[in-house]
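Chain by chain, the residues run as shown.
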Amino acid sequence: MKRTGRLSLLTAAVALSLVPGPAAVASAAPGGAAEPYCYGEPSTPTADISDVKARFGSGNWMASLQEMYKRRWPSGQKLAVAQAGDKYWSQFVNTRSFEGFAESMMVAIHEETHMWDLDPSRTRWDVHIAAWINASQQATTVPLHGGFPRREILPLITDKYSDSMDGIYLRDSQQGSYKLQGVLAELNAGLMGLPAVTVVQEYIKGVGASNARDIAATNLRYLLLYLRVAKDKHPDYWAQIKGEPKLRELVLTEFLRTAYWLEKSAPYTGKLGSPDADRITATNYAPANIAILEEFTGATVRRDTDRHCTTG
């Protein structure tokens, strides 16, 4: 199977749970703040987990998952604790080997983020959204005001860098009809799936996480283009969402968070992403995209070094 085929199948796997309603069973960054702000969260990817690997088996995978992330990425541990009772974990977790287990975390953590974010107790479809951001930061009741089908951003994508994901999320008749809810939910899940495998990258031997960086970069692309289309084609909706401080804060957080984890995962391009992830990221920093982000959030972001920071 060609690499593009693998990526298409992997992307499809992480798109399945994003459906409206119960079946789809996160302090936020200071959007518009005057003081510089940098996104960050604790992680120790070199922490010793050799004993966790030695004890690993199909009967203790949840305990292994929690201990592994307790040492290396507390945000993953806290999410696993919060979602420990979810019956769908076993559909996403490979328990045949520790290497397969580590690799499967991209999809497993991605999907369990969806399960937390889209739980009907937290999210009302197209009305308000929740987002598990990290162990100490969860956005809740973020207003959405509906929106327009995300397929409307397709004319702004003039390259093939995200083509396999565009086919699923934008050109598909159901997925393409999703509105801002879908854009934000996929980005947030992708920003959990990426660190989930970044911090255990040395154990990943196969292709099960080989588009983790692409997913994050592409879904940020979708968000920026969605904001551009909102302003240009749906001015009333643009005015509505621009007037929501919690939404502006979430958008800024997700932008800086994407930069943070793409930088940390950059040494593992090939294992955790294709070269297209960096090409997409370059387009995300095009003047029109940065302009819409800064207009929407009221913050100025760094373009050179420390892209996970604002300048004020």
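What counts, and where the lines are drawn
Residues numbered from 1 in each chain as written. Predicted model: local features only at pLDDT ≥ 70, side-chain atom pairs only at ≥ 80, totals over all residues. Heavy atoms only, no water. Helix = DSSP H or I, 4+ residues; strand = E, 2+ residues; numbered from the N terminus. Buried < 20%, exposed > 50% of the residue type's maximum accessible area, 1.4 Å probe, protein only. Salt bridge = Lys/Arg side-chain N within 4 Å of Asp/Glu carboxyl O. Expected span 1.5 Å × (residues − 1). Arc of directions from axis to C-beta. Contact = heavy atoms within 4.5 Å.

Chemist: Summarise the overall build of the protein chain; cite the residues concerned and give the values.
Modeler: Regarding its fold elements, the protein chain presents 13 helices and two strands. The buried share of the protein chain, reckoned over its 312 residues, is 54%.

Chemist: Residue-level account of the pattern of salt bridges, with values.
Modeler: Considering all chains together, one arrives at 14 salt bridges under this definition. A salt bridge links Glu99 to Lys53; the nearest nitrogen and oxygen atoms lie 3.0 Å apart. Of the two residues, Glu99 is situated in helix α6 (residues 98-117) and Lys53 in helix α2 (residues 50-55); the sequence distance between them amounts to 46 residues. Judged by relative accessible area, Lys53 falls into the partly exposed class, the value being 34%. Of the charged contacts, one joins Arg213 and Asp278 as a salt bridge, the two residues approaching to 3.4 Å between their closest N and O atoms. Of the two residues, Arg213 sits in helix α9 (residues 212-233) while Asp278 sits in helix α12 (residues 276-284), which places them 65 residues apart along the sequence. Taking relative accessible area as the criterion, Arg213 reaches 2% and is therefore assigned buried.

Chemist: Any chance you could break down helix α3 (residues 61-72) for me, citing the residues and the numbers?
Modeler: For α3, which comprises twelve residues, the first-to-last C-alpha distance of 16 Å matches the rise-based estimate of 16 Å (1.5 Å per residue) to within 8%. Taken together, the buried positions of α3 are Trp61, Met62, Ser64, Leu65, Met68, Tyr69 and Arg72. Projected down its long axis, α3 shows its buried positions confined to an angular sector of 160°, all on one face. Where α3 is buried, its residues meet α2, α4 (74-82), α5 (89-92), α6 and α8 (180-198).

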